[in-house]
Amino acid sequence: MEVDGRQRRAVEVAVGEVTVLDQLALPFATRFVALTEASQCRAAISDMLVRGAGSIGALAAAGAAFAWQEHVSEAARDSALAELRAARPTAIDLAHGVAAVDRAARQAEATGTDPIVAAWSAAIDHADAIAAAGEAIGRHGSAWLRAQQTDPAAPIQVLTHCNAGWPALVDWGSATAPMHRLHLDGHAVHVWVDETRPRGQGARITAWELATAGIAHTIIPDGAAATVLSNGQVDAVIVGADRIAANGDTANKLGTFPLALAAQHTDIPFIVAAPHSTWDPSAATGADIPIETRPAAEVTVVSDGQQRARWTHPGSPVHNPAFDVTPAALITAWWSPDGPWTPS
Ligand code: RI2
């Protein structure tokens, strides 16, 4: 999407070269950083410099191409690939990105062509496919939202949680793609942005993304979402996903499950938007999805990017699961790049 007058992607992949949007710097600075080694890609994912399922999948794919470039020995390469896969446990895109590149390189090796060339080509294709998925979700989703509109003069009202925007999905976004599409096509849209404790991906990143694009939005504390829904101020809730099980149970940022309960209570459509790379048919239900637990400091410390301050009672224990699982029964529809989809 456009940043400072230029079309940019959150993960830009070229042969031997990766440039990423530094999401830790947002919203204080818009900074792009070059990564030149597999280990830097892994660290950028675990430190959340790059975050969001689609973007970490694209960066893991590029990291796998670096691993093929860096290691002649199969054992050393496999260990670098395993480290990439383990950088974060919940988003299945990570494993899919690494697998796509490794498979292409192994096939090239088996047929006597250059595996490193094949690895980079697969990494570029993977990032392009994620970006194209976001664009397609935007088309289908915006058409659906317009079809539901009862008053064409009023803005379409959407509520979202976390950031499933273009920083999280290479380009366009999953949940935010329909909002960009509507805005670019000249339709009024307003987005309620959940703050998304504890890391504030909504308040920091989604608000930055929408403001940069000129899309009307309002940040709300996570606890205000049910009240906003019950006041009739929302046409649809749209969120992204980190992993979708075969039965449709969906892991997404902590706070998604209570939002789905509130949407069910208020009879508002609750939609999960995600590329095919986020589906995990090997997980039968949400119980098979590993949930990442993150450091206590994300809850106990606040920071403006420069200074850090503890704001909780010292010594109190903290539990910080990064994701929750929303049961399929609470989800109205899943939006894939091919349109609305319901698991059988
Ligand atoms: P897409 C985020 O997790 C959120 O859970 C968000 O919904 C998700 O990534 C996926 O984003 P985190 O990486 O790939 O901030 O669906 O922990 O756009």
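Above this text is the structure in question.
Every value quoted in this text rests on a predicted model; they were computed, and no experiment measured them.

### Quick word on helix α9 (residues 256-266)
Here α9 has its buried residues at T256, L259, A260, A262 and A263. Taken down its axis, α9 places every buried residue within 165° of arc, on the same side. Opposite the packed face of α9, turned more than 90 degrees from it, sit the exposed residues Q264 and H265. Among the residues trailing α9, D267 stands out with phi positive, at a value near 60°.

### So, the sheet that holds strand β10 (residues 243-245)
If you walk across this open sheet you meet the 4 strands as β13-β10-β11-β16, and the pairing is mixed. Of all the strands in the sheet, the pair left with one neighbour each is β13 (279-280) and β16 (323-326). Sheet topology places β10 next to strand β11 (residues 250-253); 2 bridges connect them, and they run antiparallel. For I244, the partnering residue across the bridge sits in β11 and is T250.

### Regarding the packing of helix α4 (residues 93-110) against helix α5 (residues 115-148)
It is the contact of α4 with α5, at a shortest axis distance of 8 Å, that shows an interaxial angle of 145°. Here α4 and α5 pass one another in a crossing that is right-handed. For the pair α4 and α5, the contacting residues are D93, H96, G97, A100, V101, A104, A105, A108 and E109 in the first and P115, A118, A119, A122, A123, H126 and I130 in the second.

### Considerations on the sheet that holds strand β9 (residues 236-239)
Here 7 strands make up an open sheet; going across it, the order is β8-β7-β6-β9-β12-β17-β18 and the pairing mixed. Of all the strands in the sheet, just β8 (216-220) and β18 (339-341) have a single pairing partner and so form its edges. Going from strand to strand, the sheet's axes swing by 30° on average, the running direction of each strand aside. Bridge count for strand β6 (residues 156-160) against β9 is 2 bridges, and the pairing is parallel. By the bridge assignment, V158 is partnered in β9 with A236. Most of the contacts of helix α6 (residues 177-184) go to strand β7 (residues 189-194), to which it runs at about 155°, and overall it touches β6, β7 and β17 (333-336).

### As for the site of the ligand
Among the 19 residues in the neighbourhood of the ligand, the closest are listed as R51, R88, D242, N252 and K253. Here R51 contributes a side-chain N or O atom positioned 2.5 Å from an oxygen atom of the ligand. Calculation on the ligand without its partners gives an accessible area of 450 Å², and the protein chains cover 100% of this total. Residue assignment for the shell around the ligand shows that the elements contributing at least two residues are α2 (53-70) and β11. Partitioning the shell around the ligand into residue classes produces 8 nonpolar, 7 polar and 4 charged.

### Digging into the pattern of salt bridges
On inspection of all chains with the given rule, the structure shows 16 salt bridges. Across the pair R139 and E135 runs a salt bridge whose closest N-O atoms are separated by 3.1 Å. Separated by 4 residues within a single helix, R139 and E135 lie in helix α5, roughly one turn from each other. Owing to a relative accessible area of 43%, R139 belongs among the partly exposed residues under this scheme. With a relative accessible area of 22%, E135 lands in the partly exposed category. Through salt bridges with shared partners, a single ionic network connects R88, R199, E292, R294 and E298.

### A word on the nonpolar core
Counting 42 residues, the largest nonpolar core has V11, V18, V20, V50, L59, V101 and W120 as its most contacted members. If you list the elements that add at least two residues to this core, you get β3 (11-14), β4 (17-21), α1 (38-46), α2, α3 (74-85), α4 and α5. Top element by residues in this core is α2. It accounts for 12 residues. When neighbours within four sequence positions are excluded, V101 is seen to be in contact with A61, A64, A65, A119, A122 and A123. A260, A263, V272 and W334 belong to the second-largest nonpolar core, a separate cluster that totals 24 residues.

### Digging into the environment of L59
Its place among the elements puts L59 in helix α2. Distance from L59 to T285, taken between C-alpha atoms, is 27 Å for residues 226 residues apart in sequence. In contact with L59, not counting residues within four places along its chain, are V11, V18, V20, L35, C41, A44, I45 and V50.

### With respect to the packing of aromatic side chains
Using the criterion set out here, one finds 4 aromatic pairs in the structure. Note on F66 and W120: the rings are 4.9 Å apart at their centroids and 85° apart in plane angle, and the pair reads as edge-to-face. Taken together, the residues span a long stretch of sequence, with F66 in helix α2 and W120 in helix α5 at a distance of 54 residues. Take F66 and W120: they sit in the same class, and that class is buried.

### Focus: the pairing of β9
The side-chain alternation of β9 yields two buried faces, one formed by A236 and I238 and the other by V237 and V239. In terms of strand pairing, β9 meets strand β12 (residues 270-273) through 3 bridges, oriented parallel. If you follow V239 over to β12, its bridge partner there is V272.

The rules we used
- Residues numbered from 1 in each chain as written.
- Predicted model: local features only at pLDDT ≥ 70, side-chain atom pairs only at ≥ 80, totals over all residues.
- Heavy atoms only, no water.
- Buried < 20%, exposed > 50% of the residue type's maximum accessible area, 1.4 Å probe, protein only.
- Helix = DSSP H or I, 4+ residues; strand = E, 2+ residues; numbered from the N terminus.
- Arc of directions from axis to C-beta.
- Pairing = 2+ DSSP bridges.
- Axes fitted to C-alpha atoms, helices over the stretch in contact; angles between N-to-C directions.
- Left-handed = near helix turned anticlockwise from the far one by under 90°.
- Contact = heavy atoms within 4.5 Å.
- Near = heavy atom within 4 Å.
- Polar contact = N/O pair within 3.5 Å; in protein donor to acceptor, adjacent residues only side chain to side chain.
- Areas by Shrake-Rupley, 256 points an atom, 1.4 Å probe, with all protein chains shown as cover.
- Nonpolar A, V, L, I, M, F, W, Y, C, P; charged D, E, K, R; others polar.
- Salt bridge = Lys/Arg side-chain N within 4 Å of Asp/Glu carboxyl O.
- Core = buried A, V, L, I, M, F, W, Y, C linked by side-chain atoms within 4.5 Å.
- Phe/Tyr/Trp six-rings, centres within 6.5 Å; stacked < 30°, edge-to-face > 60°.

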